[in-house]
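Topology and contacts: notes
Each chain is listed here by its residues.
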Amino acid sequence: MVADSMNAAGSAGRRWSPFRSIKVFVLCHSLLQLAQLLVSGYMKSSISTIERRYGLSSQKSGILAAFNEVGNTVLIVFVSFFGSRVHRPRYIGGGALLACLASLLMAVPHFLSGEYTYTDKITTSSGNKSGLCFSSLPSNQTCQKEDSDTQWAVYPLLLLGQLLLGIGAVPIQPFGISYIDDYASRRNSPLYLGILLAMTSIGPAIGFVTGSFLLRYYVDFDKLSRDEIKLDQKDLRWVGAWWLGFLVASSFLFLTALPYLFFPREMPKENGADDQESGTDIEPPPKTDPMRDLTLLQFLKSFPRIALRTLSGPIYLLVVLALVNMAALVSGLGTFMPKFIEKQFSQTIPFSNMMIGGIGMPLAVLGVVLGGALMRRFNMSVGGASKLCTVAIFLCLISALPMLFIGCSTQKVAEVYPVRYSYPQCSAGCGCRPDAFNPICGSNNEEYRSPCHAGCLAKEMDASNKPTNFTDCRCISNGSGSARPGTCGSGCSHLLLPFIILMGITSFIISFTQTPSYVMVLRTVPPEDKSFAVGVQYMLFRVLAFLPGPVLYGSVIDTTCILWGEKCGQRTSCLYYNLDNFRQRFLGLMVVFVCGALLCFLLTMVVLRRRGGASQLPPGTKARYEMVGEQEAPEKEETSLKT
């Protein structure tokens with residue numbers, strides 16, 4: 001009797017433990033995914049700032065943005081093998097702690113580097129710190145290398161941080177989804193999974209919004225007083241506090257990782273109106289995966305064979321290729337769209353990030369939700385899903401094409417655009433630094449790289465010792481002109497609103513295809529291969545889209561540069577772009593990917609029509625997956641998310 005009472009008390013204690021509740025696990029996992037994807041979004045919002053701070057090309061920035069997929073791609077295959085064989089909560093917590101350390105590592109270059117220097121802060125060999133034209137200065141000024149002992153290590157450190165971020169993210173989503181699906185009730189499981197999927201879109205959006213706020217602080221605000229900061233956000237030399245967000249995200253990741261140390265390997269099955277279990281007994285995960293009993297060596301040997309068998313299905317292959325096109329499009333636009341808005345419409349980086357995180361991404365989330373609701377409302381079959389995807393991509397193409405024509409040409413820049421020339425007579429004796437970059441806008445509405453390049457001899461200052469006007473400029477109005485600090489701008493700010501409207505419409509429409517596409521993937525492979533098919537799909541996303549996408553976009557952007565920065569004889573980041581080429585090639589690449597997705601969905605419709613609608617489904621799946629509204633389809637789709 002005493003033993004029974006003690007057992008009952010112990011069972012009751014376990015029952016009321018917060019770490020033995022699947023609802024608490026869902027809450028913790030939602031916060032963890034939010035933190036992990038916040039880092040990803042923040043990285044993309046800061047990529048242009050890091051590029052400017054350390055003199056990177058857009059191609060190098062693209063490699064940096066995509067490098068987190070390297071470790072993820074290599075290790076994601078093993079997630080399919082380990083599945084529920086391991087203590088999933090602890091692996092999730094370990095991955096989160098690794099991501100926390102990686103986020104800290106991303107901020108380390110700021111503390112290793114010295115103070116950010118720009119033209120007016122660099123003193124020449126003759127003591128000139130004003131940036132003005134002085135005929136007595138020698139033209140062969142001494143190069144002063146900044147942080148020569150640490151600058152070489154910055155880019156490798158950033159790459160290592162991205163690599164570790166990718167490795168740390170490997171177990172978080174797959175193990176979390178499978179754990180929830182194993183112990184949640186059938187009625188509540190779709191709700192829990194929907195919450196997690198929503199976080200995959202909300203997290204990056206919050207990352208962009210966070211970047212919008214934090215990049216308004218000067219990069220060295222921790223090293224300088226407010227009076228020592230001479231730049232403002234509108235200055236093309238401005239560098240925001242890119243490192244601050246990684247410290248904030250690292251703290252968030254650490255706090256959200258701690259609860260996973262206390263969750264059990266197995267927990268009681270959640271009570272549900274349609275569940276047979278009592279909810280008090282621990283149930284091991286069901287052995288529905290035919291690869292569960294394989295050894296690691298057997299799994300690796302069978303991987304190529306099962307992958308080829310999965311890819312041999314024409315519908316599956318075409319839908320995945322369409323999704324790859326859209327993933328490549330999103331990976332490139334998400335990385336460089338803030339930079340495009342900044343350059344094309346003469347906006348600040350914080351404002352550009354707010355446009356992406358506050359408008360583009362929320363509309364995409366809304367599109368995903370409505371796409372799923374539309375599928376459920378009309379009980380669409382595979383054929384109906386393919387038609388919906390085709391129509392959505394076609395409408396996306398219609399809304400994307402006008403964006404190619406919304407923009408302006410590069411403003412007139414002396415010595416650079418539209419005619420490239422060197423050393424004009426008016427500033428030939430000024431001894432301008434080759435790396436000088438302090439744009440000014442002349443009274444003749446022509447931009448100059450610096451007051452020195454305009455031959456300006458004097459400047460007027462305000463009460464805070466900031467220049468307000470440059471006078472006696474030899475190259476402006478025959479020596480009688482003046483210039484104001486800052487760029488003349490592209491003159492396209494009035495076109496920003498229609499561009500943002502079209503961008504939001506395009507994001508909203510293209511996101512309609514996400515849910516129907518995933519439904520088509522799940523229904524067109526044999527039931528025993530569903531988990532593996534989802535794993536192969538995500539692996540192809542990384543290999544064919546997330547890895548090469550940002551690099552391809554960055555390389556295309558670099559081809560539009562008309563003036564590269566220079567420091568100590570080495571090329572740095574681009575100072576001026578041909579904005580017409582930038583717009584046409586950057587957005588043209590987007591149109592190419594949209595056309596690729598449209599072609600794949602059109603071919604899917606052709607194959608479905610030739611095979612009689614749903615008859616293309618593998619044996620045993622046609623009757624069970626004919627309609628979304630049937631009872632078993634959602635159950636199989638939930639189970640298929642276990643990777």
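Let us look at the structure shown here. No experiment lies behind these values; they were computed from the predicted model shown.

Time to look at the environment of G596. Along the chain, G596 falls in helix 18 (residues 579–610). Here G596 falls in the buried class, since its relative accessible area comes to 18%. As a C-alpha pair, G596 and M326 span 270 residues in sequence and 8.6 Å in three-dimensional space.

As summarised here, the arrangement of the 5 strands in space is 2-1-5-4-3, forming an open sheet in which the pairing is antiparallel. With partners counted over all chains shown, the strands left at the sheet margins are strand 2 (447–448) and strand 3 (456–461), one partner each.

Here we take up the side chain of H110. Along the chain, the position of H110 falls in helix 5 (residues 88–112). Owing to a relative accessible area of 1%, H110 belongs among the buried residues under this scheme. Leaving out residues up to four positions away in the same chain, H110 has contacts with Y54, V219, D220, D222, K223, W242 and W243.

It is a general feature of regular strands that their side chains alternate between the two faces of the sheet. As paired elements, strand 3 and strand 4 (residues 467–473) share 5 bridges and run antiparallel to each other. Directly across from M461, in strand 4, lies its bridge partner P467. Taking the residues between adjacent antiparallel strands as the criterion, strand 3 and strand 4 are bridged by 5 residues, where N465 takes a positive phi near 65 degrees.

This next bit is on the packing of helix 5 against helix 7 (residues 172–183). At a closest axis distance of 9 Å, the pairing of helix 5 and helix 7 adopts a crossing angle of 155 degrees. It follows that helix 5 is roughly antiparallel to helix 7 by the angle criterion. Seen along the crossing, helix 5 lies across helix 7 with a hand that is left-handed. For the pair helix 5 and helix 7, contact is made by R88, P89, Y91, I92 and A96 and by I172, F175, G176, S178, Y179, D182 and Y183, respectively.

Tracing the chain through its elements places T572 in strand 7 (residues 570–577). For T572, the side chain forms a polar contact with the main-chain nitrogen of E566, separated by 3.5 Å. Here T572 is in contact with G55, W564, G565, E566 and K567, once residues within four sequence places are set aside.

Attention now goes to the pattern of salt bridges. Inspection of the entire model under this criterion finds 7 salt bridges. Note that D580 and R583 form a salt bridge whose closest N and O atoms lie 3.0 Å from each other. Taken together, the residues D580 and R583, both in helix 18 and 3 residues apart, mark about one turn of the helix. For the pair D580 and R583, a shared accessibility class is recorded, and that class is buried.

Turning our eyes to something else, we now look at the pairing of strand 5 (residues 481–485). With 3 bridges joining them, strand 1 (residues 440–442) and strand 5 adopt antiparallel strand pairing. Pairing of I440 across the sheet is with P485, part of strand 5. By the bridge criterion, 2 bridges tie strand 4 to strand 5 in an arrangement that is antiparallel. Its bridge partner lying in strand 5, C473 is registered against G481.

The backbone of S346 shows a phi angle near 55 degrees, a positive value even though the residue is not glycine. Here S346 is to be found in the loop between helix 11 (314–345) and helix 12 (349–377). Non-glycine residue D472 carries a positive phi angle of around 55 degrees. Here D472 lies in strand 4. Judged by relative accessible area, which is 44%, D472 ranks as partly exposed.

Once that is clear, we can look at the nonpolar core. Proteins that are soluble and globular tend to have nonpolar side chains buried together. Counting residues in each nonpolar core, the largest one holds 83 residues, and the members touching the most others are M337, I341, F499, Y553, F586, L587 and M590. The element contributing the most residues to this core is helix 11, with 18 residues. Counting residues in hydrophobic clusters, the runner-up holds 62 residues, among them L38, A102, L158 and L196.

The first and last C-alpha atoms of helix 2 (residues 22–54) sit 45 Å apart over 33 residues, in line with the 48 Å expected at 1.5 Å per residue. Of all bends in helix 2, the biggest is about 45 degrees, found at S46. In terms of residue burial, helix 2 counts as a mostly covered element, since 28 of its 33 residues are buried. Backbone geometry just downstream of helix 2 places G55 in the positive-phi region, at approximately 65 degrees.

The next thing to look at is a nonpolar patch on the surface. Taken together, the side chains of F254, L255, L258, L261 and F262 present a nonpolar region at the surface, about 490 Å² in accessible area. Topologically, L261 is positioned in the loop between helix 9 (244–257) and helix 10 (296–311). A relative accessible area of 43% means that L261 is categorised as partly exposed.

We now examine the packing of aromatic side chains. Within the structure shown, the criterion is met by 26 aromatic pairs. Summarising the aromatic geometry, the rings of F221 and W243 are spaced 5.6 Å apart at their centres and angled 10 degrees between planes, so their arrangement reads as stacked. Note that F221 is positioned in the loop between helix 8 (189–214) and helix 9 and W243 in the loop between helix 8 and helix 9, a separation of 22 residues in sequence. Taken together, a centroid distance of 5.2 Å and an interplanar angle of 85 degrees make the contact between F508 and F512 edge-to-face.

Cut-offs applied
Residues numbered from 1 in each chain as written. Predicted model: local features only at pLDDT ≥ 70, side-chain atom pairs only at ≥ 80, totals over all residues. Heavy atoms only, no water. Helix = DSSP H or I, 4+ residues; strand = E, 2+ residues; numbered from the N terminus. Buried < 20%, exposed > 50% of the residue type's maximum accessible area, 1.4 Å probe, protein only. Pairing = 2+ DSSP bridges. Contact = heavy atoms within 4.5 Å. Axes fitted to C-alpha atoms, helices over the stretch in contact; angles between N-to-C directions. Parallel < 35°, antiparallel > 145°, perpendicular 65-115°, else oblique. Left-handed = near helix turned anticlockwise from the far one by under 90°. Polar contact = N/O pair within 3.5 Å; in protein donor to acceptor, adjacent residues only side chain to side chain. Salt bridge = Lys/Arg side-chain N within 4 Å of Asp/Glu carboxyl O. Core = buried A, V, L, I, M, F, W, Y, C linked by side-chain atoms within 4.5 Å. Expected span 1.5 Å × (residues − 1). Bend = angle between axes of the 7 residues up to and from the residue. Patch = residues over 30% accessible without salt bridge, like charges linked within 9 Å, V, L, I, M, F, W, Y side chains within 5 Å. Areas by Shrake-Rupley, 256 points an atom, 1.4 Å probe, with all protein chains shown as cover. Phe/Tyr/Trp six-rings, centres within 6.5 Å; stacked < 30°, edge-to-face > 60°.

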